[in-house]
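Given next are the chains, with one letter for each unit.
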Amino acid sequence: MSEEMKKECKIFDDPKNVKRFRIGFYIVCGLLLLPDLFIHKHGDYHWEEWPAFHAAYGFVACVVLVLVAKYILRPIVERKEDYYD
Amino acid sequence: MTSMIPPAFIFIIGALAVPLFRGKAQSAYLLTLPVLGFINLFMLPAGASVEVEFLNYTLTLIKTDRLSLLFAYIFHITAFITVIYSMCMKNNLEYMAGLLYSGSALGVIFAGDLLSLFFFWEMMTVGSVFLIWARGTDKSIRAGFRYALFHFVGGLLLLAGIIIHVQTGGPLEFGFMGLNGVASYLIFFGFGVNCAWPFFHTWLSDAYPEATIAGTVYLSAFTTKTAVYVLARSFPGTEMLIWIGAAMAAFPIFYAVIENDMRRVLAYSLINQVGFMVVGVGIGTEMAINGAAAHAFTDVIFKGLLFMSMGAVMYRTGKINATDLGGLYKTMPLTAIFCIIGAASISAFPLFSAFVSKTMVMSAAAREHYSWVWLILLFASAGVFHHAGIKIPFFAFFGHDSGLRPKEAPLNMLIAMGISAFMCIFIGTFPGPLYSILPYPVEYEPYTTAHVVAQLQLLGFSALAFALLMLAGIYPAEKRAVNLDADLIYRKGADSFNWFNENVIACIWAWFAKLFFDRIPNWFIWFGKNPAGVAKIGLDYIEIVFASGKNVPKIRERIEREKKIYPGDIIQRWPIGSTVTWVTVFLLVYLLFYFF
């Protein structure tokens, strides 16, 4: 058992690491927007050529998804675990 | 050298011999079957072969072309991987059901006629339901029955369609059909049940999470993909499929966000991925069919990988709800890495497999100017990353520390996951080999700067949304709950039907039973005891109608008296003399009639 414990990877137990990870992630997101300034994207649709179209779409899509699932779908469909028993 | 062995037979007959082996010999035997099957594939002749006469019909057991071979390759690969994965289970029923199921799926893929297609289609249901029952819990047994009933209904639609199709002069050969007439609609919806179309999808989200650990991995590969295959063969370019597919891609992600059972989250995302394939089949251009087939190929691997990683978690911890899991990366790092690779693949990260297949379907939609469909699919792409790409690894391996410190997955599971993970990355990085076996020549370049940047932005900012919603505490907390879906109709509907039977139908029946088995027979018995007495009472009643007012109470009194002494003698006895007088009068009248 002690050997198992030694093997444990605890990298995210340290809040500092979590913070570093998060900041790194925000920087990556920022960097992803840079190419739009330099390259001309050839998409299938003209709106794909708008700067940061995909970034905005992905962000809005996920926020809408979560809000609809939480505030509209869940109140309608949620039942106790033994509902069908 | 050509082979005349139908690929299905290797697995189906092979399944029967499983109990003859034990231990390592059994493992070796199990591994040999997919390998033999794979070698057999390369020796199959092109076109139709192995034709069998049956009741005046010609059945074609092997019909090969590029489409059927593509599905056959991936089915063999996944059977091989799943056999490795299931080796630690030591459950003969599971092994046999898995092989029977894989074999019948191959039977469908190579069926050249509708009858043998139907035969293997039903056998697939039988094999798969045992993978659910093999779990042995009360829940799994009930889910298995619901699953079987659902598929048998779908099978009956298919059979009815085939019979009408053949009886109205259609060819028995299985090929392009298109929607025209009743028969084709029945077949279309029969296929749709297995394809998990909206409202027909509940067998999947209901039963897959109840199957055995390896059973779910098998299940995720075959039923829906054979359905995509038969649709691609018989209904390509059917516009209805585009909208059905778009609905499939979009609605399950909402359920996946609020679902607690990790394997049920994956079941919903399975429907979402099949939606992309159905859209591809519906568009029906060469590029779209290529995209659908390629996505089926990559999906079998990455979805299998995700189910395997969650199965490994379940195997080690006995838990599968997000509320009970978390922090497992500490002791199961390899499983966590494999899960993340599966998650990256399903999310279509560049260099991972779905990036080279899913985007092909989307480009095909754009080229045919289905703008709304394209926008829905883009939404679904962001959504799938959100619930399958982030939620699955995050809640199982990171998130809050559940305190669980399970051992790393067993070696055989790690090997199976490792092979799948390797294939996900290999196909994503070098799509050439996959493109070379697609049904049509490929003129598609996934790795353009615009594609890569667009996809990375989409995924990066979806992740950003997840992170910010999580930090803000808006992200819905996992909850132990049941979420109602369309299966409410038959799960509660069955209860209502029972209530209706027990209360309404049973009441009506009881009334009829009382009338016909109690009241009427008893009346006849009562009548039979003294018919003349009954007639007298009847006459008395008639007399009341005609009698004058003051006599009525007297007659009523008489009736009461007669009823009281019934069946005793209520007829007034007349003296013999008066009887003789009446007889004499009667004879006299008779005599007079006779003479005149």
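Cut-offs applied
Residues numbered from 1 in each chain as written. Chains lettered and ligands numbered in written order. Predicted model: local features only at pLDDT ≥ 70, side-chain atom pairs only at ≥ 80, totals over all residues. Heavy atoms only, no water. Helix = DSSP H or I, 4+ residues; strand = E, 2+ residues; numbered from the N terminus. Buried < 20%, exposed > 50% of the residue type's maximum accessible area, 1.4 Å probe, protein only. Contact = heavy atoms within 4.5 Å. Domains from an automatic or database assignment. Axes fitted to C-alpha atoms, helices over the stretch in contact; angles between N-to-C directions. Parallel < 35°, antiparallel > 145°, perpendicular 65-115°, else oblique. Nonpolar A, V, L, I, M, F, W, Y, C, P; charged D, E, K, R; others polar. Buried area = accessible area lost by both parts, 1.4 Å probe. Salt bridge = Lys/Arg side-chain N within 4 Å of Asp/Glu carboxyl O. Polar contact = N/O pair within 3.5 Å; in protein donor to acceptor, adjacent residues only side chain to side chain. Pairing = 2+ DSSP bridges.

A word on the environment of Gly428(B)
Residues and elements named next belong to chain B.
Next up, step 1: As for its position among the elements, Gly428 is in helix 16 (residues 411-429).
Next up, step 2: Note on Gly428: relative accessible area 0%, which makes it buried.
Next up, step 3: When the C-alpha atoms of Gly428 and Ala450 are compared, they prove to be 17 Å apart, with 22 residues separating the residues in sequence.
Next up, step 4: If sequence neighbours within four positions are ignored, Gly428 has contacts with Leu351, Phe352, Ser353, Val356 and Tyr447.

A look at the domain arrangement of chain A
Next up, step 1: Looking at the assigned domains, one finds that chain A contains domain 1 (1-39) and domain 2 (43-79).
Next up, step 2: The distance between the C-alpha centroids of domain 1 of chain A and domain 2 of chain A comes to 25 Å.

Side note on the packing of helix 4 (residues 53-77) of chain A against helix 10 (residues 239-258) of chain B
Next up, step 1: Interaxial distance between helix 4 of chain A and helix 10 of chain B falls to 9 Å at its minimum, and their mutual angle equals 80°. Comparing the axis directions of helix 4 of chain A and helix 10 of chain B gives the class roughly perpendicular. When helix 4 of chain A is examined against helix 10 of chain B, the residues Leu65(A), Val68(A), Ala69(A), Leu73(A), Arg74(A) and Val77(A) are found in contact with a partner set consisting of Ile253(B), Phe254(B), Tyr255(B), Val257(B) and Ile258(B).
Next up, step 2: Residues that form the contact of helix 4 of chain A with helix 10 of chain B fall into these classes: 10 nonpolar, no polar and 1 charged.

Section: the interface of chain B and chain A
It is common to give the size of an interface as the accessible area that goes away when the parts come together.
Next up, step 1: On the chain A side, the residues contacting the 59 residues of chain B number 51 residues.
Next up, step 2: Surface buried jointly by chain B and chain A totals about 5,000 Å² across both partners, of which 69% is contributed by carbon and sulfur atoms.
Next up, step 3: Counting across the chain B and chain A interface gives 2 salt bridges.
Next up, step 4: Inspection of the region where chain B meets chain A yields 11 residue pairs in polar contact (both at pLDDT 80 or more).
Next up, step 5: Contributing elements (two or more residues each) for the side of chain B that touches chain A: helix 10, helix 14 (354-367), helix 15 (371-397), helix 18 (449-471), strand 3 (482-483) and helix 19 (488-529) of chain B.
Next up, step 6: Per element, the largest residue contribution to the side of chain B that touches chain A is 17 residues, and it comes from helix 18 of chain B.
Next up, step 7: Counted by class, the side of chain B that touches chain A contains 36 nonpolar, 13 polar and 10 charged residues.
Next up, step 8: Where strand 1 (residues 78-79) of chain A lies against strand 3 of chain B, 2 bridges are found, and the strand directions are antiparallel. Residue pairing for strand 3 of chain B: Arg79(A) is matched across the bridge by Val482(B).

Some details on the pattern of salt bridges
All names here are of chain B.
Next up, step 1: Applying the stated criterion across every chain, the model contains 20 salt bridges over all chains.
Next up, step 2: Here Glu173 and Lys63 are joined by a salt bridge, their closest N and O atoms 3.4 Å apart. Placement of Glu173 in the loop between helix 6 (138-167) and helix 7 (182-195) and of Lys63 in strand 2 (residues 57-64) is noted, with a sequence separation of 110 residues between them.
Next up, step 3: Lys63 sits in the partly exposed class, given a relative accessible area of 23%.
Next up, step 4: Ionic pairing is found between Lys391 and Glu478, a salt bridge with its closest N-O pair at 3.5 Å. One end of the pair, Lys391, is in helix 15; the other, Glu478, is in the loop between helix 18 and strand 3, and 87 residues separate them in sequence.
Next up, step 5: With relative accessibility at 0%, the residue Lys391 sits in the buried group.
Next up, step 6: Note on Glu478: relative accessible area 13%, which makes it buried.
Next up, step 7: Within the structure, one salt-bridge network assembled from shared partners comprises Lys536, Asp540, Glu543, Arg558 and Glu562.

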